[in-house]
Amino acid sequence: MVKAFEKARAQAKSKFEELYEGVCTVVERRQVKDAHTKIKQIKEIVVLEGQPCRLSFEKASAALQTETAAKKSQEIKLFLPSEVIIKPGSKVIVEQNGIRGEYSASGVPKTYRTHQEIMLELFEKWL
């Protein structure tokens, strides 16, 4: 029974991954010590590259006007294999359908047996 369940899970995961149309690169900011000067600096480090994925844009509404500027409102969801780890706050660069976008991983992923879903925001700057 367990083997049948695992086989069905693997088939479902494979079918889900056939939907991936993009690839992503994940960048984290880390404190790195220079080997020569021994000075620590914050640097962008690529922790994942060329990972198949899929972006989904759930809602795109008109820009919301605030007192200081117009703010775009859009729900962006990234679908990835469940074993991939992306920390909240990471920069996620996605290329899909010939378009490259930079996003921030905004929180803890929803993890399922076949995949995970991570909500993204447009990347503006490192926090």
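All figures in this text were calculated on a predicted structure; none of them were measured in a lab. (Residues numbered from 1 in each chain as written. Predicted model: local features only at pLDDT ≥ 70, side-chain atom pairs only at ≥ 80, totals over all residues. Heavy atoms only, no water.)

A. Seen up close, the state of the cysteines. The full count for this structure, using the stated rule, is 0 disulfides. C53 forms no disulfide, and the closest cysteine sulfur to it belongs to C24, at a distance of 4.1 Å. (Disulfide = S-S within 2.5 Å.)

B. Here's a closer look at unusual backbone geometry. Phi is positive for K38, which is not a glycine, with a value near 65°. Here K38 falls in the exposed class, since its relative accessible area comes to 54%. (Buried < 20%, exposed > 50% of the residue type's maximum accessible area, 1.4 Å probe, protein only.)

C. The packing of aromatic side chains, seen in detail. Enumeration over the complete set of coordinates arrives at 3 aromatic pairs. Ring centres 6.0 Å apart and planes at 50° place the aromatic pair F16 and F79 in the tilted group. On the criterion of sequence distance, the pair formed by F16 in helix α1 (residues 2-17) and F79 in strand β3 (residues 70-80) is long-range, its members being 63 residues apart. Relative accessible area serves as the criterion here: at 21%, F16 is assigned to the partly exposed category. F79 sits in the buried class, given a relative accessible area of 13%. The ring centre of F123 lies 4.6 Å from the NZ or CZ of K91, which sits over that ring. (Phe/Tyr/Trp six-rings, centres within 6.5 Å; stacked < 30°, edge-to-face > 60°. Helix = DSSP H or I, 4+ residues; strand = E, 2+ residues; numbered from the N terminus. Lys NZ or Arg CZ within 6 Å of the ring centre and 35° of its normal.)

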